[in-house]
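# Structure at a glance
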Amino acid sequence: MTLAARIESFRELVEEWLRGLYHGMISHPAYEKIEKQAEDDEDAFMLACFPDAFGIPSPISYYTAELLPYLEDEFEAWERRMWDRGSLLERKGHQYHF
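What you see is a predicted model; the values in this text were computed from it and never measured.

The rules we used
- Residues numbered from 1 in each chain as written.
- Predicted model: local features only at pLDDT ≥ 70, side-chain atom pairs only at ≥ 80, totals over all residues.
- Heavy atoms only, no water.
- Helix = DSSP H or I, 4+ residues; strand = E, 2+ residues; numbered from the N terminus.
- Contact = heavy atoms within 4.5 Å.
- Areas by Shrake-Rupley, 256 points an atom, 1.4 Å probe, with all protein chains shown as cover.
- Axes fitted to C-alpha atoms, helices over the stretch in contact; angles between N-to-C directions.
- Parallel < 35°, antiparallel > 145°, perpendicular 65-115°, else oblique.
- Nonpolar A, V, L, I, M, F, W, Y, C, P; charged D, E, K, R; others polar.
- Buried < 20%, exposed > 50% of the residue type's maximum accessible area, 1.4 Å probe, protein only.
- Phe/Tyr/Trp six-rings, centres within 6.5 Å; stacked < 30°, edge-to-face > 60°.
- Salt bridge = Lys/Arg side-chain N within 4 Å of Asp/Glu carboxyl O.

## A word on the overall build of the protein chain
Helices and strands together make up the secondary structure of the protein chain, namely five helices and zero strands. Secondary structure elements of the protein chain occur, N-terminal to C-terminal, as α-α-α-α-α. Taking the intrachain contacts of the protein chain between residues at least 6 apart in sequence as the baseline, contacts between residues at least 24 apart amount to 65%. Summing over all exposed atoms, the protein chain offers an accessible surface of approximately 8200 Å²; the carbon and sulfur share of this is 63%.

Put into structure tokens, the structure is as follows:
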């Protein structure tokens, strides 16, 4: 096999791999579901850390308050998102077409 043929073969392999990577990461419909699930997981974490923001008493709030300077930007967006959406059941029901 000549050097030119090996380079062409390698280029085709890389092109096919990149096409599959693009399809899997950006254009595949599951990407949106994964993104929504990651957002739901982040919301659950923030609610576990800062339940006082919604009037739920928590004995660990004294310790999780130390995280607030590190999560300040995420906290504001999370609080706005939580007040705007109806409920977690509504969101999950929409995901499964209920």
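## Let's talk about the packing of helix α2 (residues 30-49) against helix α4 (residues 72-84)
Two numbers describe how α2 lies on α4: the axes approach to 11 Å, and their chain directions differ by 105°. By the criterion of interaxial angle, the relationship of α2 to α4 is roughly perpendicular. For the pair formed by α2 and α4, the contact residues are E39, E42, D43, M46 and L47 on the first element and E74, F75, W78, R81 and M82 on the second. Here the contact of α2 with α4 is built from residues that sort into five nonpolar, no polar and five charged.

## Description of the environment of S58
Inspection of the secondary structure puts S58 in the loop between α2 and α3 (61-64). Its relative accessible area of 22% is what places S58 among the partly exposed residues. In this structure the C-alpha to C-alpha distance between S58 and A48, which are ten residues apart in sequence, comes to 9.0 Å. The contact partners of S58, leaving out residues within four places of it in the chain, are P51 and D52.

## Focus: the packing of aromatic side chains
Applying the stated criterion across every chain yields a total of three aromatic pairs. Centre to centre, the rings of F50 and F75 are 5.2 Å apart; their planes meet at 80°, and the pair counts as edge-to-face. Of this pair, F50 sits in the loop between α2 and α3 while F75 is found in helix α4, placing the two residues 25 residues apart along the sequence. Here F50 falls in the buried class, since its relative accessible area comes to 9%. With centroids separated by 5.5 Å and ring planes inclined at 45°, the aromatic side chains of F75 and W78 adopt a geometry described as tilted. Placement of the pair is F75 and W78 together in helix α4, with a separation of three residues, close to one helical turn. In terms of burial, F75 and W78 fall into one category: buried. By way of ring pairs, the aromatic residues F50, F75 and W78 are connected into one cluster.

## Topic: the pattern of salt bridges
Considering all chains together, one arrives at three salt bridges under this definition. With a shortest N-O distance of 3.1 Å, R19 and E15 are connected by a salt bridge. Remark: E15 and R19 occur in helix α1 (residues 3-27); sequence separation between them is four residues, near one turn of the helix. Classification of R19 as exposed rests on a relative accessible area of 51%. Look at E15 and you get partly exposed, because its relative accessible area is 37%. One connected set of salt bridges, linked through shared partners, spans E8, R11, E15 and R19.

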